[in-house]
Amino acid sequence: MIYPANFEQKIGFDRLREQVAALCTMRAARGKLAEETFSTSAREIGRRLELADQMRLLLDMEHDFPGGEYPDVDHVVAKLRVEGTFLDVGEVVTLHRALSLVGSVVAFILAREGQYPALYARSRGVEAFPGIVQRIDAIVDRFGNIRDNASPALLEIRRAIREREGQAAKRLQAVLAAAKGAGIVDADAQISIREGKAVIPVAAANKRKLQGFIHDESATGRTFYVEPVEVVEINNELRELEYAERREIVRILSEFTDSVRPDAGLIAASGDYLAEIDMLRAKGRWASQNGCVKPIISDDDRLVLKNARHPLLQQTLRAQGREVVPLDMQLDRRKHILVISGPNAGGKSVCLKTTGLVQYMFQCGFPVPASEVSELPVFRSIFIDIGDEQSIDDDLSTYSSHLLNMKNMLAGASSSTLVLIDEFGSGTEPVIGGAIAEAILERLLTKGCYGVITTHYANIKYYASNTEGIANGAMMFDVQNIRPLFRLETGKPGSSFAVEIARKIGLPEDIIRAAGEKAGSDHINIEKQLREIARDKHYWEQKRDRIRLTDRKVEELEQTYAGQLSKIRAERQEILKKAKLEAQQLIADANRQIENTIRTIREAQAEKELTRLARRELDDFRDAVTKTDTADKDAEVAREIERIERRRQRREERKAQRGEAQAAGAAPAEAPKPREVEAGSKVRMAGQDMVGVVQSVKGRKAQVAFGQILTTVDRKMLTVVSNSEFREATRPQTARTVVSAGISARKLSFKDHIDVRGMRAAEALDAVQDFIDDALMVGVGSVSILHGKGTGALKEEIRRYLRTVPEVESARDEHADRGGAGITIVTFDLS
C-alpha cells in the first residue's frame, strides 16, 4: 500500500519516470514502463532489477548492441488478426524492421550467455521469423517499394507500362515539334505535367489549332495546357495498366498477409519482447547517466544506504557545477526509527525524500542512485507526510491535514511498513503539538514499523535518546562559518542553531538577547551544549582525518622503504655476482701477469730467489680474491667511487690550471713533452700494469724495483708516470675498503636537489658537477637542479654538461605546475 495517492509526486518519482520514458523509442515500451509499479514480491523485484542492471552493463560494455529506434508492431498485429484485410507496403516494411531487430537482439544476447544470464533467459525461445523476413525481402526493396519481380504478372505489367510511357513521350515530342514548326506554340515551349497528364502549353489564341483535351490554364488565362489527341489513347492504356499494377500489388500483399496471419500471436509476442528490450534499454541508459546500480536485497530487514543521492537534486546541482552530498544511513530491528533534527535548510527533508525515493525505486524495479553495497528490505507499505496539504474545499488546515495523515498511518502501519514524516508535530501550539507527536511516535514504535522522521521539538529528541528502538540523527552544521554541511550523523540530536542563524542574517543583538531570556536558561544551556557537542565533534573529526592521513603517509613510506630495501638486496646480489665475475677475470689477468713477470725476469736473468718470491706474492693475491666475496663487493663500490673522485680531481686540476692561466694572462700551454727516465722516476713497463721506481740508470739500461722485485730493463720499455698514478696503482686494498665505508654517511647527508640561481655560469657548472658526482656515488635514481628560467643560458650550459655524463639517462623540464622550465629533472641509468 502506498499513501497518499500523490506519493510519487511528493518524492519526485513521477519526474524520474518521465525522464526514463523519454528514452523509450516505442509506444509499447512506454506502456510497459508505466506498468513497472510498486511490488511487494522480492522475487519480482529481483527479476526486474537483474534485467535492468544487466542491460546497463551491456550498454556500458558493448558498443555494437543493435540501437536506433525500435518500431511498434501492435497495430500491424491487430490488422493481421482481422480476416479479409491485408497489410499495406508501409506496414510490411514496419514488420520487416521489427522482426529483423528482434533477430539481431536475440542473436546478440544468446551469443553472450555467461555475461548476461537474466537477459539470456528472457531471450531464449523468442521467435524472430527469419522466413517471414526473407519473404518480405523478396517482395519489398530496401527503399520500401514493391519489387518488379514480386510476381511474374507484376513484372509483365511494369514492362508494358514502361513501353507505353516511352511511346507516349516520343509521340508527344513529335507533336510538340510539329506545333512549333506550324507556329502554334512558342519556340521555347516545353512539355508540362497537369493533373498527372503530359501536356503542351499553347497560347490562348491558338488553343483550337491543336487538337486535344484542355486540362488546365495559367493564372492569367493566356496559356492553355492541351493533351494532344495523338497521345490520348496511349495515356488511356497507361491508366489501365496502372489499375492492373495496383490490383496485382493488392493480390501480392493479400497473399503475403494470409500466409503470416496464423503467426499473429507469435509475432505479437516478439513485438512484446522488443518493447521490453526498449524499456530495459531506457532504464539502463538512465541508470548509467545518473550513477544508478542494483542494490542488495536484504534478508535480515536491514535498510542500509551508502552514498545515496536524490537524482533530481543531483541533476540540478550538476548543472550548476556543484556536487551533491551523499546520504549514509542504517536502520534495523534494533534501531528501526530515525529522528533527524538540525537547522532549517540543513538537508533534513532531502534525507527523508532520498530515503523514500530510493526505497520506492527499488520496489518498482529501478536501479537506485546509491552504492552497490546498499541493502534494502521489501516493505508491504510506504507512508509519507510531507508538505502543506491544507484544503479549502475539505475545510482542512495544515495541522488538520497532518493529523489526518497520522490517523491513516497508524491504521495501516505494521512491522513491514516504512513511515516518512517531515516536521513531525509542527503546525500547532508547540507544547500540545509536541506531546501529540510523542504519543504518535510511541504508537509507531510499538507497531514495529520503520521510519524516518524530521523534527525541531526537543521532547521528541529526548524521547528518542531514552527509548530503545529509536535513534537520533543530526544534520551537521559548520558553527564557525554558520553554514549547513548537508551531512547526516546518527547517534546524537542536532541543534537548530536559531541564535547563530539569526545573528548571521543581521537580527539586532538586543532582540536575540531578549529571546534568550524569554526562552530560559535551561533551554539556552541545552542548545549551547548541543552546539558545543557539534563543535567538538567537528574538531575531533578533523583530528581523526589528520591522523588517518598521517597513518596513510606512514604506510606509504613503509611500503616505499620496503621496496627500496628489496631493491637494495637485489642490487647487492647483482653486485656480488658481478664482483665474482670480475674476480675471476682478475685471476686470469693475474695469471697473465705471472707469465709476463717470469718472462721479464728471465730476460733480465734475475736470481731464482726473486722468481720464487714473485710467484708466492701472486699466489697469495689469487687466494685472497677467491676467498673474499665481501671484499669483491667493497672493491666494486670503491672502484666506482674512485672513478668519480678521479674525474672530480681532474676537473679540479683543470679548474686550477684555468685559474692560473687567467691570472697570468698567458697563452694556452703546449702539451708537455714526455719526461726522461732517471733515478727516482716512477715508471710503468710497456705492456704491463705494474709500476715501479727507477733505482739507477746505466746507458740504455735501467734498474727498476717493482715492489720487492729488482730487475734490469731497457729504458725504451719504460714510461714515466705521475705521483698520483703511482699512488693509485700501489694503493693497498684496505684503503679502498675504507673509502667505501663512507658511503652510508654520504647517503644520510646527501640532498637530491640543488639551487644554483644567482651563480655565475662557471660557479654553477662546478657546483652541478660536484652534485652529480655525489649523486652517482650514493646511487640515487634522480635529482633536481633549480636554475631558474631567465634567458635560458645557464640551463643550456648545465644541459650541455649533463649530455657528456654517460650515467645520465635523461634531463627534462619539471612539470609546469611544479616549476616547469626553471627546474631540470636528471634521471640516472644505474644498471
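Residues numbered from 1 in each chain as written. Predicted model: local features only at pLDDT ≥ 70, side-chain atom pairs only at ≥ 80, totals over all residues. Heavy atoms only, no water.

Engineer: Explain the overall build of the protein chain here, please?
Structural biologist: The number of helices and strands found in the protein chain is 26 helices and 24 strands. Relative to its 831 residues, the protein chain shows a buried fraction of 42%. Taking as baseline every contact in the protein chain between residues at least 6 positions apart, the subset at least 24 positions apart corresponds to 69%. Looking at the protein chain as shown, the accessible area adds up to about 45,500 Å², and 51% of this sits on carbon and sulfur atoms. (Helix = DSSP H or I, 4+ residues; strand = E, 2+ residues; numbered from the N terminus. Buried < 20%, exposed > 50% of the residue type's maximum accessible area, 1.4 Å probe, protein only. Contact = heavy atoms within 4.5 Å. Areas by Shrake-Rupley, 256 points an atom, 1.4 Å probe, with all protein chains shown as cover.)

Engineer: Sorry if this is basic, but what is going on with the pattern of salt bridges here?
Structural biologist: Proximity of charged atoms lets side chains of opposite charge pair with each other. In this structure the tally under the stated criterion is 35 salt bridges. Measuring nitrogen to oxygen at the nearest pair gives 2.9 Å for the salt bridge that ties R56 to D53. Pair noted here: R56 and D53 are both in helix α4 (residues 42-61), with a separation of three residues, about one helical turn. Residue classification places R56 among the buried residues on the basis of a relative accessible area of 10%. Looking at D53, the relative accessible area reads 8%, which means it is buried. For the salt bridge of R251 with E248, the shortest nitrogen-to-oxygen distance reads 2.6 Å. One end of the pair is R251 and the other is E248, both in helix α10 (residues 229-260) and three residues apart, which spans about a single turn. According to the relative accessible area criterion, E248 is buried, its value standing at 10%. Connected through salt bridges with shared partners, the residues E36, E44, R47, R48 and K283 form a single ionic network. (Salt bridge = Lys/Arg side-chain N within 4 Å of Asp/Glu carboxyl O.)

Engineer: Mind showing me how you'd approach the packing of aromatic side chains here?
Structural biologist: Two measures describe an aromatic ring pair: the distance that separates the ring centres and the angle between the ring planes. Throughout the structure, instances matching the rule amount to seven aromatic pairs. Arranged with centres 4.9 Å apart and planes meeting at 85°, the rings of F13 and Y360 form a pair that is edge-to-face. In this pair, F13 sits in helix α2 (residues 13-22) while Y360 sits in helix α13 (residues 348-363), placing the two residues 347 residues apart along the sequence. F13 gets classed as buried once you look at its relative accessible area, which sits at 0%. The class of Y360 is buried, set by a relative accessible area of 5%. Here F65 and F108 contribute two aromatic rings whose centre-to-centre distance is 5.2 Å and whose plane-to-plane angle is 80°, an arrangement assigned as edge-to-face. Taken together, the residues F65 in the loop between α4 and α5 (74-80) and F108 in helix α6 (residues 89-110) connect sequence positions 43 residues apart. (Phe/Tyr/Trp six-rings, centres within 6.5 Å; stacked < 30°, edge-to-face > 60°.)

Engineer: Is there a simple way to explain helix α3 (residues 27-34) in this structure?
Structural biologist: Counting along an α-helix, one turn takes 3.6 residues, and residues three or four places apart therefore face a common direction. What α3 keeps buried is the set A29, K32 and L33. The buried residues of α3 occupy one face: seen down the axis, they fall within an arc of 100°. (Arc of directions from axis to C-beta.)

Engineer: Got a minute to help me understand the sheet that holds strand β21 (residues 753-755) in this structure?
Structural biologist: The strands making up a sheet associate through hydrogen bonds between their backbones, and the pairing can be parallel or antiparallel. Read across the open sheet, the four strands follow the order β21-β22-β24-β23; overall the sheet is mixed. A strand with exactly one partner marks an edge of an open sheet, and here the two such strands are β21 and β23 (808-813). Averaged over all adjacent pairs, the angle separating strand axes in this sheet is 20°, with direction ignored. Two elements, β21 and strand β22 (residues 782-786), share three bridges in a ladder whose sense is parallel. Looking across to β22, one finds that H753 is bridged to S784. Seen against the sheet, helix α25 (residues 761-778) touches β21, β22 and β24 (823-828) and runs at an angle of roughly 165° to β22. Against the sheet, helix α26 (residues 793-802) engages β22, β23 and β24, with an angle of about 165° to β23. (Pairing = 2+ DSSP bridges. Axes fitted to C-alpha atoms, helices over the stretch in contact; angles between N-to-C directions.)

Engineer: Please explain the UniProt feature "binding site: ATP" (unreviewed entry) in the protein chain as it appears in this structure.
Structural biologist: Mapped onto this numbering, the UniProt entry annotates "binding site: ATP" (unreviewed entry) at G342, P343, N344, A345, G346, G347, K348 and S349. Secondary-structure assignment places S349 in helix α13. Classification of S349 as partly exposed rests on a relative accessible area of 27%. (UniProt positions renumbered as here; feature names shortened; annotations may be inferred.)

Engineer: Is there a simple way to explain the packing of α6 against helix α8 (residues 130-139) in this structure?
Structural biologist: A pair of packed helices can be characterised by two numbers: the angle between their axes and the separation between those axes. In contact at an axis separation of 10 Å, α6 and α8 are set at 140° when each is read in the N-to-C sense. In terms of axis orientation, α6 runs oblique to α8. As α6 packs across α8, the resulting crossing turns out to be left-handed. Contact with α6, carried on its side by V92, L95, H96, L99 and S100, involves I132, V133, I136 and D137 of α8 and no other residues of that element. Looking at side-chain class alone, the contact of α6 with α8 contains six nonpolar, two polar and one charged residues. (Parallel < 35°, antiparallel > 145°, perpendicular 65-115°, else oblique. Left-handed = near helix turned anticlockwise from the far one by under 90°. Nonpolar A, V, L, I, M, F, W, Y, C, P; charged D, E, K, R; others polar.)

Engineer: Please explain a nonpolar patch on the surface as it appears in this structure.
Structural biologist: Taken together, the side chains of L403, I432 and I436 present a nonpolar region at the surface, about 210 Å² in accessible area. Looking at the element boundaries, I436 is found in helix α15 (residues 430-447). (Patch = residues over 30% accessible without salt bridge, like charges linked within 9 Å, V, L, I, M, F, W, Y side chains within 5 Å.)

Engineer: Whenever I open this one, the nonpolar core confuses me. Can you help?
Structural biologist: A general feature of soluble globular proteins is that nonpolar side chains tend to end up buried together. In this structure, F13, F65 and I109 are the most contacted members of the largest nonpolar core, which totals 75 residues. The dominant element in this core, judged by the number of residues it contributes, is helix α11 (residues 264-289), at nine residues. (Core = buried A, V, L, I, M, F, W, Y, C linked by side-chain atoms within 4.5 Å.)

Engineer: Would you mind showing me how to read unusual backbone geometry here?
Structural biologist: Only a minority of non-glycine residues have a phi that is not negative, and only a minority of peptide bonds are not trans. Omega for the peptide link from Y3 to P4 comes to 0°, which places this bond in the cis form. Within the fold, P4 resides in the loop between β1 (2-3) and α1 (7-11). For N307, which is not glycine, the phi torsion reads 55° and is therefore positive. With respect to the secondary-structure elements, N307 resides in strand β7 (residues 303-308).

Engineer: Explain the packing of α25 against α26 here, please?
Structural biologist: Two elements in contact, α25 and α26, have axes separated by 10 Å at closest approach and are oriented at 40°. Considering their axes alone, α25 and α26 lie oblique with respect to each other. Classified by chirality, the crossing of α26 by α25 is right-handed. Seen from α25, the contacting residues are A761, A764, L765, V768, Q769, I772 and D773; seen from α26, they are L794, E797, I798, Y801 and L802. Considering only residue class, the contact of α25 with α26 consists of nine nonpolar, one polar and two charged.

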